[in-house]
Amino acid sequence: MSYPGSYGAEAQDLGEISYGSGMGQKLPLMLCLDTSGSMQGAPVESLNEALADWGAELRADVQWKTTVQVAMVTFGAGGVRVWQGSEPFTPGSAVSPFVPASEFYPPRLQAGGVTLLTEATELALRHVYAYKGWLKEQGLTYYRPLIFLLTDGIPTDETGHESQSWQRLVPYLESGRRDNGFEFYAIGVGNLTPQGQHVLSTLVPGGFRILGGFPFRTLLRLLSATIEKVVGGSGADAPLLTGAIGEPDPFDSVFGQFPADE
Amino acid sequence: MAMWRVRGFSIQGYAHLMEGSPCQDAYRQAAVGSSVVLAVADGAGSRPRSAEGAALLVTLATEILAGLLKAPGGPGDPPTLKRNLGTAYDRIRAEFLRKASLLGGDGQAGDFAATLVAAVVAGPVVGIIQVGDGFAVVRTTDRAGGTGYHLLSQPTVTGQHANETIFVTSPGAAGPALAVTHDEGITGVLLSTDGLVPAALRRDEGHAQLPNRDFVERVLSHLDGDASDPRLVVRTMLSDGVVGRTGDDLTLLAAVRA
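Residues numbered from 1 in each chain as written. Chains lettered and ligands numbered in written order. Predicted model: local features only at pLDDT ≥ 70, side-chain atom pairs only at ≥ 80, totals over all residues.

## Structural notes on the overall build of chain B
Turning to step 1, where the next piece is worked out: Helix and strand counts for chain B come out as 7 helices and 12 strands.
Turning to step 2, where the next piece is worked out: Taken over C-alpha atoms, the radius of gyration comes to 17 Å for chain B, in line with the 18 Å a tight globule of 258 residues would show.
Turning to step 3, where the next piece is worked out: Each principal axis of the C-alpha distribution contributes one length, and for chain B these read about 55 × 50 × 40 Å.
Turning to step 4, where the next piece is worked out: Classification of the 258 residues of chain B by burial places 54% in the buried group.
Turning to step 5, where the next piece is worked out: Excluding contacts between residues fewer than 6 apart, the proportion of contacts in chain B whose partners are at least 24 apart in sequence is 70%. (Helix = DSSP H or I, 4+ residues; strand = E, 2+ residues; numbered from the N terminus. Rg over C-alpha atoms; globule rule 2.2 N^0.38 Å. Buried ≥ 20, exposed ≤ 12 C-beta atoms within 10 Å, placed from the backbone. Contact = placed C-beta atoms within 7 Å.)

## As for the sheet that holds strand β1 (residues 4-11) of chain B
Strand-to-strand pairing in sheets goes through backbone hydrogen bonds, with the strands running parallel or antiparallel.
Residues and elements named next belong to chain B.
Turning to step 1, where the next piece is worked out: With antiparallel pairing, 5 strands are arranged side by side in an open sheet as β1-β12-β9-β6-β7. Both outer strands of the open sheet, β1 and β7 (147-153), are each paired with one neighbouring strand and no more. When strand polarity is set aside, the average angle formed by the axes of neighbouring strands in this sheet is 15 degrees.
Turning to step 2, where the next piece is worked out: Strands in contact with helix α5 (residues 213-224) are β1, β6 (135-141), β7, β9 (186-192) and β12 (250-257); relative to β12, the strand with the most contacts, it is inclined by about 55 degrees. (Pairing = 2+ DSSP bridges. Axes fitted to C-alpha atoms, helices over the stretch in contact; angles between N-to-C directions.)

## Focus on the pairing of strand β4 (residues 114-122) of chain B
Residues and elements named next belong to chain B.
Turning to step 1, where the next piece is worked out: By the criterion of burial, β4 is predominantly enclosed, with 9 of the 9 residues buried.
Turning to step 2, where the next piece is worked out: Alternating positions in β4 separate into two faces, Ala 114, Leu 116, Ala 118, Val 120 and Ala 122 on one and Thr 115, Val 117, Ala 119 and Val 121 on the other, with burial throughout.
Turning to step 3, where the next piece is worked out: Bridge count between strand β3 (residues 35-43) and β4: 8 bridges; the pairing is antiparallel. Among the inter-strand pairings, Val 36 is bridged to a residue of β4, identified as Val 121.
Turning to step 4, where the next piece is worked out: As paired strands, β4 and strand β5 (residues 125-131) are joined by 7 bridges and run antiparallel to one another. What sits directly across from Ala 118, in β5, is Ile 129.
Turning to step 5, where the next piece is worked out: Where β4 folds back onto β5 in an antiparallel hairpin, the turn is made up of 2 residues, including Gly 123, whose phi is positive at roughly 60 degrees.

## Let's talk about the interface of chain A and chain B
Turning to step 1, where the next piece is worked out: On the side of chain B, 44 residues touch chain A, which itself brings 35 residues to the contact.
Turning to step 2, where the next piece is worked out: Partitioned by chemical class, the residues of the side of chain A that touches chain B number 14 nonpolar, 17 polar and 4 charged. (Nonpolar A, V, L, I, M, F, W, Y, C, P; charged D, E, K, R; others polar.)

## Overview of helix α4 (residues 169-178) of chain A
All names here are of chain A.
Turning to step 1, where the next piece is worked out: Here α4 has its buried residues at Leu 169, Leu 173 and Gly 176. End-on view of α4: buried residues confined to an arc of 60 degrees, all on one side of the axis. Facing away from the buried surface of α4 by more than 90 degrees, the exposed residues are Pro 171, Ser 175 and Arg 178.
Turning to step 2, where the next piece is worked out: Where the residues of α4 are buried, they touch α3 (117-137), β7 (183-188) and α5 (194-203).
Turning to step 3, where the next piece is worked out: Of the residues trailing α4, Asn 180 is marked for its positive phi of about 55 degrees. (Arc of directions from axis to C-beta.)

## Structural notes on helix α6 (residues 230-237) of chain B
Residue and element names in this part refer to chain B.
Turning to step 1, where the next piece is worked out: Taken together, the buried positions of α6 are Leu 232, Val 233, Thr 236 and Met 237. Buried residues of α6, seen end-on, are gathered within an arc of 140 degrees and therefore sit on one face of the element.
Turning to step 2, where the next piece is worked out: Close packing links the buried residues of α6 with β1, α5, α7 (240-243) and β12.

## Some details on the confidence of the model for chain B
Turning to step 1, where the next piece is worked out: Within chain B, residue pLDDT values average 92, and 99% of them lie at 70 or more.
Turning to step 2, where the next piece is worked out: Among the prediction metrics, the complex's ipTM stands at 0.79, with pTM recorded as 0.81. (pLDDT = per-residue confidence, 0-100.)

## Some thoughts on the sheet that holds β3(B)
All names here are of chain B.
Turning to step 1, where the next piece is worked out: Spatially, the 5 strands line up as an open sheet ordered β2-β3-β4-β5-β8, and their pairing is antiparallel. Looking along the sheet, the strands with just one partner apiece sit at the ends: β2 (25-32) and β8 (177-182). Averaged over all neighbouring strand pairs, the angle between strand axes comes to 10 degrees, with direction disregarded.

## So, unusual backbone geometry
Turning to step 1, where the next piece is worked out: Phi angles above zero are rare outside glycine, and A:Asn180 is one such case at about 55 degrees.
Turning to step 2, where the next piece is worked out: Relative to the assigned elements, A:Asn180 resides in the loop between α4 and β7.

## Section: the pairing of β6(B)
Residues and elements named next belong to chain B.
Turning to step 1, where the next piece is worked out: Burial within β6 is extensive, with 5 of its 7 residues counted as buried.
Turning to step 2, where the next piece is worked out: In terms of strand pairing, β6 meets β9 through 6 bridges, oriented antiparallel. Bridge assignment links Arg 139 to a residue of β9, and that residue is Gly 188.
Turning to step 3, where the next piece is worked out: Where β6 lies against β7, 6 bridges are found, and the strand directions are antiparallel. Pairing of Arg 139 across the sheet is with Tyr 149, part of β7.
Turning to step 4, where the next piece is worked out: Here β6 folds back onto β7, and the loop between the two strands holds 5 residues, one of which, Gly 145, carries a positive phi near 90 degrees.

## What to know about the nonpolar core
Turning to step 1, where the next piece is worked out: Grouped together as the largest cluster of nonpolar side chains are 157 residues, with contacts concentrated most on B:Leu38, B:Leu57, B:Leu116, B:Ala119, B:Ala136 and B:Val189.
Turning to step 2, where the next piece is worked out: With 11 residues, helix α2 (residues 50-70) of chain B is the largest single contributor of residues to this core. (Core = buried A, V, L, I, M, F, W, Y, C linked by C-beta atoms within 7 Å.)

Take a look at the structure:
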């Protein structure tokens, strides 16, 4: 069907439009990943491959590449490390380690060392809050940040001994949930012990999952589904990964494929 | 005789397209003599029957506001219209909650949660009812031929994050934002749900929201033409420039002087 006038049937749209800078909504996404010694070998290789593919997926998506802002904190090899894309983040070198998904090329992670989960989570929270503050200062709008903690062990101190320091995270995570400061997901993988499960269930009641094996590709697909829910306008109480225990969870069918005792 | 040409567009946002879920926005219009009433609604993505809620809301809003225009005395002067809009909204909300409870069961009206922007466009007078994060822009032309764009009703964001807003079903939604303007130079009115905020609005240096003239002008100018091709508007709504800024459903309802 063609229309008369100056707009031919081949016209694509209303032309090149100038949009207000910064009017796009940002979705801060923090990955907090366990790279301790127990992840050595196939697990960390699997994680690296899944991250590389997932990064390519983010970069290719017309919306996510500008909307999603990614930062990473790892705990294990090299201690607690903050990543700005593929490079270690140097405080003072930039406002924040968050980079647009269009520029997110994940680092090649190595496994080793101890499980400083508490310190890594605290650092991740600090960066998320600082980034939110910066976005607000700039007059930018943003979705509730997503923080994604992945671990296969129990928190330790710097000497590798089991630590109860994680308990100091509990009130911070509680207040963050209460104030809608962020969405926090905790996923246990590998052969997580009952104590490790207890840690995650205490940190994120109703918002943790224990999986058998290292199904990183599936996990990152689920994270993508979560992003999709958020940017699709599901709002503050979207039933994402954190549906309360006992309530239907849209991802249960997928998680169910990886029972903890598998 | 209709003085206004009205065109509406409501399409799935990019995120909904990618996951195969339906558009949860709705729009509706009604003509009363030479006047028009317009309504857009955005169903809350987290609520199971919000698409039905949005459709119900725009239906009720246009019916009740059309009734207001048909009543003796019509819309009245701006202060009268503002009072009448408040009364009309009370009826819209009460009827919406009643019907939603009938459909969903007692206490389940929240399943139909939706935002609302509705307008009465009667000659030089435009009145707006707004609940939630939609918005309304008015185009005016002055005697020297200059064109201005004015954000008559701006998005209400209740939380610290995008997408956190108030719905007609919310406890705090009893008092909507009301705005009335009288200007002989009004030549266009554009209502939208929040999906198009990143495209149709911008911020000044003080971070205050303003219409993004480039977007609004192109849309309304295009619709001014008798031979306007609505596909161009849809393509623009799904262009990379828009999709790169929002994945939300996109609804635009515009009236331009015919």
